[in-house]
Amino acid sequence: MPSIDLTGKVAVVTGSGRGLGLAYAHALAAHGASVVVNDVDEAVAEAAVKSIAEAGGTAVAEVVPVGTTEAAERLVNRAVEEFGRLDVLVTNAGILRDKVLWKMTDEDFDAVVTTHLKGTFTCARAAAVRMREQGEGGTLILVGSPAGQRGNFGQTNYAAAKAGIAAMARTWSMELGRANITVNAIVPVAATAMTETIPAFAPYIEAMRNGEPLPAFLRKGEGFGTPEDCAALVPFLASEAARSITGQAIGIGGDKVALWSHPQEIRTAYADGGWTPETLADAFPTSVGAELQSVGIPAPKFPEA
């Protein structure tokens, strides 16, 4: 079994004051990396740094909302100023503004896309520039979501941003391959402030916080666990053991890890000379449309009472 040792590596983790981001930062530090913690709340960021230090790790805080080029450069510069280099970027920062399409405002849409999609772009660009200058490779870990893979009711902005993040991972893996920079999207599923708003999960999350373990049907069947369960993927992808893995979307949660497929054609049909609306209407139901794809995140399967 290979040893995951990140000693001497430097990581930036956006949105790492709490929740999944904090778990990622702790996991990286526990395996030897020095970490720049990022949050919009100074007290939260400093508390995260303190918790990493108390666990034996090394971290500093940079308080800035991601999205702009200036914010991205501040994060990269802080890593270089404090620790001399940058090897790993985890783009975790995000917000929610959930509404159905006809109620979603421009502000709801722009805020989520700016933080998730543009924030991932600006931070990754700044990190790639630095890593290419160093000439020693690096790792970009972009945080996706099941909503970006399958869509989710009331999350036009969030699902679109997360789908874009998966697409950027595939694109950047090609663009940065010659520089030995790997780029992957991760798709975590965990008990967080967001998932506890789902009524079906709420009682199990509450029980977990009271010291009870999550049942096996959640940890295995749904791939649903703690943020710490998801965090294991981050130091692995940042390590030499994963240097051949790039351009992938990898899901993790509970006891489950999974590789998501990339979009591809699944059925085809042909018409000599091309198609008309009439020939499409005639052939579609029994050819390419014989088994249409499902949408949305599948409902959890709970044991019968």
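Everything in this summary refers to the structure shown in the same document. (Residues numbered from 1 in each chain as written. Predicted model: local features only at pLDDT ≥ 70, side-chain atom pairs only at ≥ 80, totals over all residues. Heavy atoms only, no water.)

Let's talk about the nonpolar core
Okay, so step 1: If you look at the biggest cluster of nonpolar residues, it comprises 35 residues, and the most contacted ones within it are Y24, L28, V35, V37, V90 and I186.
Okay, so step 2: It is helix 1 (residues 19-30) that provides the largest number of residues to this core, a total of eight residues.
Okay, so step 3: Other than its neighbours up to four places away in sequence, V35 contacts A11, V13, A25, L28, A29, T58, A59, V60 and F83. (Core = buried A, V, L, I, M, F, W, Y, C linked by side-chain atoms within 4.5 Å. Buried < 20%, exposed > 50% of the residue type's maximum accessible area, 1.4 Å probe, protein only. Helix = DSSP H or I, 4+ residues; strand = E, 2+ residues; numbered from the N terminus. Contact = heavy atoms within 4.5 Å.)

Things to note about the packing of aromatic side chains
Okay, so step 1: Per the stated rule, a full pass over the model turns up one aromatic pair.
Okay, so step 2: Summarising the aromatic geometry, the rings of Y204 and F217 are spaced 5.6 Å apart at their centres and angled 80 degrees between planes, so their arrangement reads as edge-to-face. Of this pair, Y204 sits in helix 7 (residues 202-209) while F217 sits in helix 8 (residues 216-221), placing them 13 residues apart in sequence.
Okay, so step 3: For F217, a relative accessible area of 21% translates into the label partly exposed. (Phe/Tyr/Trp six-rings, centres within 6.5 Å; stacked < 30°, edge-to-face > 60°.)

Digging into the side chain of N157
Okay, so step 1: Inspection of the secondary structure assignment puts N157 in helix 6 (residues 156-175).
Okay, so step 2: The exposure class of N157 is buried, given its relative accessible area of 0%.
Okay, so step 3: Among the polar contacts listed, one links the side chain of N157 to the backbone oxygen of D108, at a separation of 3.1 Å.
Okay, so step 4: Apart from the residues within four sequence positions on either side, N157 is in contact with R97, M104, D108, F109, V112 and V113. (Polar contact = N/O pair within 3.5 Å; in protein donor to acceptor, adjacent residues only side chain to side chain.)

A look at the pairing of strand 1 (residues 10-13)
Okay, so step 1: Here strand 1 shows a buried face lined by V10 and V12 and a second buried face lined by A11 and V13.
Okay, so step 2: Across four bridges, strand 1 lies against strand 2 (residues 34-39) in parallel orientation. Paired with V13 across the strands is V37, a residue of strand 2.
Okay, so step 3: At this point the chain moves from strand 1, through helix 1, to the parallel strand 2, and the crossover so formed is right-handed.
Okay, so step 4: Taken together, the three bridges between strand 1 and strand 4 (residues 88-91) define a ladder with parallel strand orientation. Note on strand 4: the bridge partner recorded for V12 is L89. (Pairing = 2+ DSSP bridges. Right-handed = clockwise from strand over helix to strand, strands pointing away.)

Concerning the pairing of strand 5 (residues 138-143)
Okay, so step 1: Among the six residues that make up strand 5, six are buried, leaving the element largely enclosed by the rest of the structure.
Okay, so step 2: Relative to strand 5, strand 4 is paired through four bridges, and the arrangement is parallel. The residue of strand 5 that forms the bridge with V90 is I141.
Okay, so step 3: With respect to chirality, the unit in which strand 4 leads through helix 4 (residues 106-134) into the neighbouring parallel strand 5 is right-handed.
Okay, so step 4: As judged from the six bridges shared by strand 5 and strand 6 (residues 181-188), these two strands associate in the parallel manner.

Concerning the sheet that holds strand 5
Okay, so step 1: With mixed pairing, eight strands are arranged side by side in an open sheet as 3-2-1-4-5-6-7-8. Of all the strands in the sheet, the pair left with one neighbour each is strand 3 (58-63) and strand 8 (256-259). Sheet twist, expressed as the mean angle between neighbouring strand axes with direction ignored, is 20 degrees.
Okay, so step 2: In the packing of helix 3 (residues 69-83) onto the sheet, the strands contacted are strand 1, strand 2 and strand 3, and the crossing angle to strand 3 comes to about 145 degrees. (Axes fitted to C-alpha atoms, helices over the stretch in contact; angles between N-to-C directions.)

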